[in-house]
Number of protein chains: 4
Amino acid sequence: MPSSMFLEIIRSEGLAHLSYLIGHGDKAAVIDPRRDCRIYAQKALGHGARIKYIFETHRNEDYVIGSKELSELTGAKIYHGKHLEFQYGLPAGEGEEFELGDLVLKVLETPGHTFESLSIVLFDRSSGDEPIGVFTGDALFVGDVGRTDFFPDRAEEVAGLLYDSLFSKLLPLGDHVILFPAHGAGSVCGESMSEREFSTLGYEKRFNPALRKTDRDAFIKHKISEHHDQPPYFRQMEKYNLEGTAAPLRGTPMTFPLDADEFEAKVKQGALILDTRSPEAIGGALIPGSLGIPLEMIPSFAGWFLPYDRDIVMVLHDFGESEKAVRFLLRLGYDRIAGFLEEGLFAWETSGRNYETIPSVHAKDLVGRIEAKEEFTLLDVRKTSEVRRGKLPGAVHIYLGELPGKLDRVPKDRPVVTFCGSGMRAIIAATILKKSGFDKVENALGSMAACSAIGCPIVQEGNSAG
Amino acid sequence: MPSSMFLEIIRSEGLAHLSYLIGHGDKAAVIDPRRDCRIYAQKALGHGARIKYIFETHRNEDYVIGSKELSELTGAKIYHGKHLEFQYGLPAGEGEEFELGDLVLKVLETPGHTFESLSIVLFDRSSGDEPIGVFTGDALFVGDVGRTDFFPDRAEEVAGLLYDSLFSKLLPLGDHVILFPAHGAGSVCGESMSEREFSTLGYEKRFNPALRKTDRDAFIKHKISEHHDQPPYFRQMEKYNLEGTAAPLRGTPMTFPLDADEFEAKVKQGALILDTRSPEAIGGALIPGSLGIPLEMIPSFAGWFLPYDRDIVMVLHDFGESEKAVRFLLRLGYDRIAGFLEEGLFAWETSGRNYETIPSVHAKDLVGRIEAKEEFTLLDVRKTSEVRRGKLPGAVHIYLGELPGKLDRVPKDRPVVTFCGSGMRAIIAATILKKSGFDKVENALGSMAACSAIGCPIVQEGNSAG
Amino acid sequence: MPSSMFLEIIRSEGLAHLSYLIGHGDKAAVIDPRRDCRIYAQKALGHGARIKYIFETHRNEDYVIGSKELSELTGAKIYHGKHLEFQYGLPAGEGEEFELGDLVLKVLETPGHTFESLSIVLFDRSSGDEPIGVFTGDALFVGDVGRTDFFPDRAEEVAGLLYDSLFSKLLPLGDHVILFPAHGAGSVCGESMSEREFSTLGYEKRFNPALRKTDRDAFIKHKISEHHDQPPYFRQMEKYNLEGTAAPLRGTPMTFPLDADEFEAKVKQGALILDTRSPEAIGGALIPGSLGIPLEMIPSFAGWFLPYDRDIVMVLHDFGESEKAVRFLLRLGYDRIAGFLEEGLFAWETSGRNYETIPSVHAKDLVGRIEAKEEFTLLDVRKTSEVRRGKLPGAVHIYLGELPGKLDRVPKDRPVVTFCGSGMRAIIAATILKKSGFDKVENALGSMAACSAIGCPIVQEGNSAG
Amino acid sequence: MPSSMFLEIIRSEGLAHLSYLIGHGDKAAVIDPRRDCRIYAQKALGHGARIKYIFETHRNEDYVIGSKELSELTGAKIYHGKHLEFQYGLPAGEGEEFELGDLVLKVLETPGHTFESLSIVLFDRSSGDEPIGVFTGDALFVGDVGRTDFFPDRAEEVAGLLYDSLFSKLLPLGDHVILFPAHGAGSVCGESMSEREFSTLGYEKRFNPALRKTDRDAFIKHKISEHHDQPPYFRQMEKYNLEGTAAPLRGTPMTFPLDADEFEAKVKQGALILDTRSPEAIGGALIPGSLGIPLEMIPSFAGWFLPYDRDIVMVLHDFGESEKAVRFLLRLGYDRIAGFLEEGLFAWETSGRNYETIPSVHAKDLVGRIEAKEEFTLLDVRKTSEVRRGKLPGAVHIYLGELPGKLDRVPKDRPVVTFCGSGMRAIIAATILKKSGFDKVENALGSMAACSAIGCPIVQEGNSAG
């Protein structure tokens, strides 16, 4: 049995977070482990290896990092950039090298996204003396580069730092170097990442739109003009990841079924109801007061709306989804999960308790109602950048993440139809309205996608009252 | 490593079918294997054993038996009762014995449910010479006894045979004998089975309601008066299980996603749409023409409504449920599964295609509409035995299984609200109405259970016009 | 989806420990959970249920019980007998009832094995008012009854208590009651248990050899005359299980590979080498100083030889077996597992380090050497009860468990051939001799079983010098 | 849920065969599927996709390809190069393109290893118009290039073709292009492949030793001088893969335990015994007549020694390894697996049947015996290329694969010690000698690796009588 090299990508679905296990023979390292971190130790063991090193490319703001628990489990040492004072782990500086058999990991400081951001350059010294790959954290992605909006007072400075990291440090490693970024398409850490997760520096140099601005000033100007969301949970993530104070999981946390009485009792004691079913099912019947976020959208939207100081009780499609729901929530640091309603909504319905509905509205009916000048609010909750590309006439625009703070802009005395790109974000908005006392709320299943497909009249921003 | 005895129950969920793997040392036997039968060989291998014998307690009518394929896989011999001419396997007669190490399986003819029905008596000759257990097939269940309605011309005869099998053959084996029946609660093979799957002959003698009629004539009279459903698919099962002509699976069949265009093309070529989502989701939006049967209800209801000579395309909660849906269907002999719509209904909705909705009606609103003498049909699709225990005033009763043949009894010119015990069967009925051209159809989520919980007015059969 | 009853047996392989998960609807209970206890919560969740109660039938002495951690995970309450002062959990007294939907668990005090021993009687009140089953702990097994040798000063008293528990409390529950004992064949908690794990009180009354002594005095006399092993680790288990002080696992502990240098370093720092490979592989090559216990024998024999105050490093067939080895050891309270040698013995051999061998001796060669009056010690390490049934002429008998303390009885100046029932225990003995400085040690693979098969001369105890 | 791109490597362990699943949205393709091919369909389904295309980079000679069965399972179309007449599938020629959402696969003819060899160039047209990756089959590996020894009559021609494919077609695709080869380290399809499986064309251009010969004539001369093994099973693979006549598996084949009597009966009827245990275990005890090949070495060595026209019965470490053993064998086209001996060798030993042993010899003892001029044959079974780098004085060299045909070169009248790089191949050789009637055979566990570690005297080829 010859020893062998291995490289595995471990994804956090929804977050589009990419972490890496790399090793040779009986030694391995992990780059940016997720909070539910036993998987790295188990996969390493599957290769007959033990994790020796854990690297954090930067203090992450969009998920809880699992370095501390993984270190306790395996004895591995944790390394971060030295330009931030972490309360755990060790600093690693430019040029430091770490060996895994024939593989060498070499630290490259690549500030910009944050000041302490590192890239880790990978060499295989059994083959040659040039790098074969580079783990770029949030500096360089496939199809995009890192955000530089976290230090608004020093915006130009950090954009300039990123420019230098990209053009003076990363790209010069060579066209032939494989790119291993910390995020893929769908992450809040970039807007225009490619759906493809594999690339090389040479390919990015040619085709990454964010690298086309090769002039430093133009690059900086462009970065400063970008808009990125900063969901409120980022603050909690930054705190956890600086201090290392998120609770260790020690086995995946479990949650348990509650019957309708127990569920209702939790709610009366202050628990928030999170309904993770599909838009169609939420529309068909939901518990009054629920916040609806379809399961797969939790990683992107729970951090906008869920508090850290309340219990959460869930409504699930079925209990088989509880593990995934818990996993999604704990990656965002939500640990107060107090159970889920047994048997979907069935137990609630058969108990005779009240439920509400959110009727579905088809695009063609929506157009009909607009044309008939029916009295209702069409609430478009897409991002500004999407709305700019066109919207339905008369639509009111409030971005979903900001809806709770801007409810006063939506008239309460007439029906509301929520609208987004496909109907997924619109159902979240619809439940926020319902729990805020809006009575007549409908959801445009299909939304903009259906409108485009059937040829609804579309207006450009500015042409309408929205 | 000492050799050891093992006994495992393998369930077919939904069908409430119980099959058994029993063995000692390196030899094992299976009683009534299900169609997806590799599991028996794999579990036997997990005990270090090989399956030598397969017993069919009778020609089953409610699922496709897997004996032939399991025999091909393992080399095991198949045995059935000798009073029916099977086109495969070997006959086994009263008193024949089969050894598995210290265990002995002894054939006991126990006709009644069918003429060739067998029970298999289990001895452990390392301990003693009396039986320790008995596999009773469809003769004796926990809390019930087998149906005797399959030979209407010889109804008294078969009821009498069952009486003799129970009282002269099975119960005399001894109070201490453990009962291993072929079905548990929820099976169409009995109405009043216990939710408990384990029992003994002594316990049943005391507490099984069907064994209280210890007088032969009274027993026969009672059996003859029973009503049982005979869903149309039984005919296909009987044919398959007599001839052994169901196709071998050889690995679980797989099905694949179709995009909205491909899906629609299949439908145009004649495929039937089976929507397996939850009642709430089906109500929220469904494709026109769909037959809705929530996933867990497929084993009980697909056999009433699905044809064998058409392709089936499915709408699923998500593709993770395709394996279970296929498994449920193939156990009923449905092999023409032509794919499923990718991404639930999302792909359909965003393509701009039409969808319908089936609004949910809460019990208290239903009562309000009844009291307001609103013009609508309340269609109760429960079993006659349930309706007899009480119904809502004015409800029209047609049993769900018989609805397709009795649609002319439902007026088309006014709204229909479908109603059952909980809303699960009612959603099936609602989709049948929709696809049959009924325009305004609503579904009473919660149905009778909610009515009872909130104290709706209930009338007894005969007191109302239903 | 109707709620349903479920009963699952969860085994600790090797220990032959049987624990139970039982429930109805959304409530479940566990009887005697093992230390690696997440499995109960997961299986309960798979039934849509939460564990409400945990019962300990008695303070176990042969494994670490998992009640405390399971309680922390699920919120379940722990109950024990009240005649011992546990430092955690609650006392439950005769007649106390606990409900799980329609199921009722009723406490029955059945002292004898220990003073505080409980049985838990199971009723299904949806069916009838007599018990359907009973969890008997270590009072009654299939084919045997509990040991009563733990209170040597009060030997008659406890044997009498057991008699009363069996004949006045358990058997009167009824012939039809299903038996759910805490151990099966292979446990150190009984000598003559059946390989069959399922039985009823009626069957046991007829065929359990230990219940044939229906006279109280005869029963007591027989129990007092029994001999049972008390491996030294029992003391540690009793302490843990009284105090609840074993460390919670919180996810299965993991262990990791060590290269030959790291492995040797651990040994130099005092770690004990545990070789878990097969007898043939250990014989083929082993690291000097190793204690060899083939993997499947760890539950039975590790507790005799392993200390709690030293690190343990393992030699495994391959790393895929590390999880099982760790699991076996932690159930006995061994938490100081410091890693395993990577790649079996391969890494050791190719490093040029020394290894020893233990040649295999076939039965016919053994007989030849005995007949040729070759100078060597034939060391028979079987139990006294086995040796009484016959042995090879000239064999010296020392029970394996006692070998470390009786090494002075084995002459060091001539070869030793170790011998047992099959060669499995003999290889353990052989490694004990090797690590104690015996130079020429061989192992009789096949041992007594092979001797019987080929017809070696066998003598009865007393006929020979052994 | 946005659709997404995916790329997965599926390995055939031991064969070091790399196959690929690549897709976008609901469409996927497979490159060079292995025989046990359901995994591709299942993984595609896990991405919500269906396999549309299967590409064979060339007619493989070292394993059975699974295209035909995968095509039956999924409906995918199979494509090969057009310069060989396959009896199934479709020809694909230079420049043909296949779309998977935004991905494009473009055919590039890269003859050399075989005449019909293809590479498949990968584009992501959502990003740019240059290739991002290339599937090179057996043309270009990480650290090596393809063999060109299959057409000895046209040796120069094919070496020249390969040169042109590499230097005029593949490398010009660009330094930034990711390399996806059909094999990794350990494959018989190359000698000096890197242990690293990921690379780029740019990295290979710099560091692949086989690409350093940039002069066409020098390249050809070098290729012609190479020596590669051609195990006899290659002929069977070529036939299967040209005709598509290997039997479809339809679910992984299973095998079952045999007791010692059944096992012996199979052997008497002509079955060959394949012992897959570790070298130490085989040495400790083996059944006379066995061919020993430790499990992980089956992919590399079974094809040298196993016939296709005899049943094979196996001896396994335990039955948990039967699935892997079967999988290894079926990938080489061995379908006549007739079972395995239950309980490792235990059942054989305890039955009293004969077993043999192959004692282990440590390097230092070996040197001692050489120095003492003991009369024995030291049989070195390594490759010629290894032996050239040094061997023990007096060693006789016969390559393992050729041993059965050259047994007459090994004197039968004196002991033989088998020797290789580590002891793994030497144990195979030792069992071949034993089954060929050699009486005294020992195995040098550790072999050359141990010799090097402890500093044995090493001679260069030619300096000794070997």
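This one's a predicted model, so the numbers in the text were calculated from it and none came from an experiment.

**Remarks on the sheet that holds strand E15 (residues 257–258) of chain D**
Residues and elements named next belong to chain D.
Inference 1: If you trace the five strands from one edge of the open sheet to the other, you get E15-E19-E18-E16-E17, paired in parallel fashion. Strand pairing shows two members of the sheet lacking a second neighbour, E15 and strand E17 (291–292), which therefore form its edges.
Inference 2: Bridge count between strand E16 (residues 272–275) and strand E18 (residues 312–315): four bridges; the pairing is parallel. Across the sheet, Ile 273 pairs through a bridge with Val 313, a residue of E18.

**Observations regarding the side chain of D:His24**
Inference 1: Counting through the fold element by element, D:His24 comes out in strand E2 (residues 17–24).
Inference 2: According to the relative accessible area criterion, D:His24 is buried, its value standing at 7%.

**Here's the deal with the relation of the copies chain D and chain A**
Inference 1: The transform that puts chain D on chain A rotates by 180° and translates by 0.0 Å along the axis, for an RMSD of 0.1 Å. What the superposition gives is, in effect, a two-fold axis relating one chain to the other. For chain D, the residue whose C-alpha comes nearest the rotation axis is D:His176, separated from it by 2.3 Å.
Inference 2: An overlap of 100% is found between the interface residues of chain D and their copies at the interface of chain A, pointing to a shared contact surface.

**Some details on the sheet that holds strand E22 (residues 416–419) of chain D**
All names here are of chain D.
Inference 1: Spatial strand order, E21-E20-E22-E23: four strands in an open sheet with parallel pairing. Of all the strands in the sheet, the pair left with one neighbour each is strand E21 (396–397) and strand E23 (441–443).
Inference 2: Pairing of E22 with E23 involves three bridges; the strand directions are parallel. By the bridge assignment for E23, Val 417 is matched with Glu 442.
Inference 3: Contacts between helix H12 (residues 363–371) and the sheet are confined to strand E20 (377–380), E22 and E23, with E22 contributing the most and set at about 130° to the helix.
Inference 4: Sheet strands touched by helix H14 (residues 424–435): E20, E22 and E23. Its angle to E22, the strand with the most contacts, is close to 145°.

**Side note on the packing of helix H1 (residues 38–46) of chain B against helix H2 (residues 67–74) of chain B**
Two packed helices can be described by the angle between their axes and the distance between those axes.
Residue and element names in this part refer to chain B.
Inference 1: Close contact between H1 and H2 brings their axes to 9 Å; oriented N to C, the two are set at 40°. In terms of orientation, H1 and H2 fall into the oblique class. In this structure, H1 contributes Arg 38, Tyr 40 and Ala 41 to the contact, and H2 contributes Leu 70, Leu 73 and Thr 74.
Inference 2: Per-class residue counts for the contact of H1 with H2 are four nonpolar, one polar and one charged.

**Let's talk about the packing of aromatic side chains**
All names here are of chain B.
Inference 1: For the structure shown, the criterion picks out 84 aromatic pairs over all chains.
Inference 2: With 6.0 Å between their ring centres and 50° between their planes, Phe 150 and Phe 234 make a pair best called tilted. Highlighted residues: Phe 150 in the loop between strand E12 (144–145) and helix H3 (155–170) and Phe 234 in helix H6 (residues 234–243), separated in sequence by 84 residues.
Inference 3: For Phe 234, a relative accessible area of 0% gives the class buried.
Inference 4: The ring centre of Phe 376 lies 5.2 Å from the NZ or CZ of Arg 369, which sits over that ring.

**Re the interface of chain D and chain C**
Inference 1: Listed as interface residues are 31 residues of chain D and, on the opposing side, 31 residues of chain C.
Inference 2: Between chain D and chain C, the buried area comes to about 2,300 Å², and carbon and sulfur atoms account for 55% of it.
Inference 3: Our count for the contact surface shared by chain D and chain C stands at zero salt bridges.
Inference 4: Linking chain D with chain C are 16 residue pairs in polar contact (both at pLDDT 80 or more), by the criterion used here.
Inference 5: Of all the secondary structure elements, the ones that give two or more residues to the side of chain D that touches chain C are helix H8 (279–284), helix H11 (346–350) and helix H15 (447–454) of chain D.
Inference 6: It is H15(D) that contributes the most residues to the side of chain D that touches chain C, four residues altogether.
Inference 7: Looking at the side of chain D that touches chain C residue by residue, the class counts come to 12 nonpolar, 12 polar and seven charged.

Each value, and the rule that gives it
Residues numbered from 1 in each chain as written. Chains lettered and ligands numbered in written order. Predicted model: local features only at pLDDT ≥ 70, side-chain atom pairs only at ≥ 80, totals over all residues. Heavy atoms only, no water. Pairing = 2+ DSSP bridges. Helix = DSSP H or I, 4+ residues; strand = E, 2+ residues; numbered from the N terminus. Buried < 20%, exposed > 50% of the residue type's maximum accessible area, 1.4 Å probe, protein only. Least-squares fit on C-alpha atoms with pLDDT ≥ 70 in both. Contact = heavy atoms within 4.5 Å. Axes fitted to C-alpha atoms, helices over the stretch in contact; angles between N-to-C directions. Parallel < 35°, antiparallel > 145°, perpendicular 65-115°, else oblique. Nonpolar A, V, L, I, M, F, W, Y, C, P; charged D, E, K, R; others polar. Phe/Tyr/Trp six-rings, centres within 6.5 Å; stacked < 30°, edge-to-face > 60°. Lys NZ or Arg CZ within 6 Å of the ring centre and 35° of its normal. Buried area = accessible area lost by both parts, 1.4 Å probe. Salt bridge = Lys/Arg side-chain N within 4 Å of Asp/Glu carboxyl O. Polar contact = N/O pair within 3.5 Å; in protein donor to acceptor, adjacent residues only side chain to side chain.

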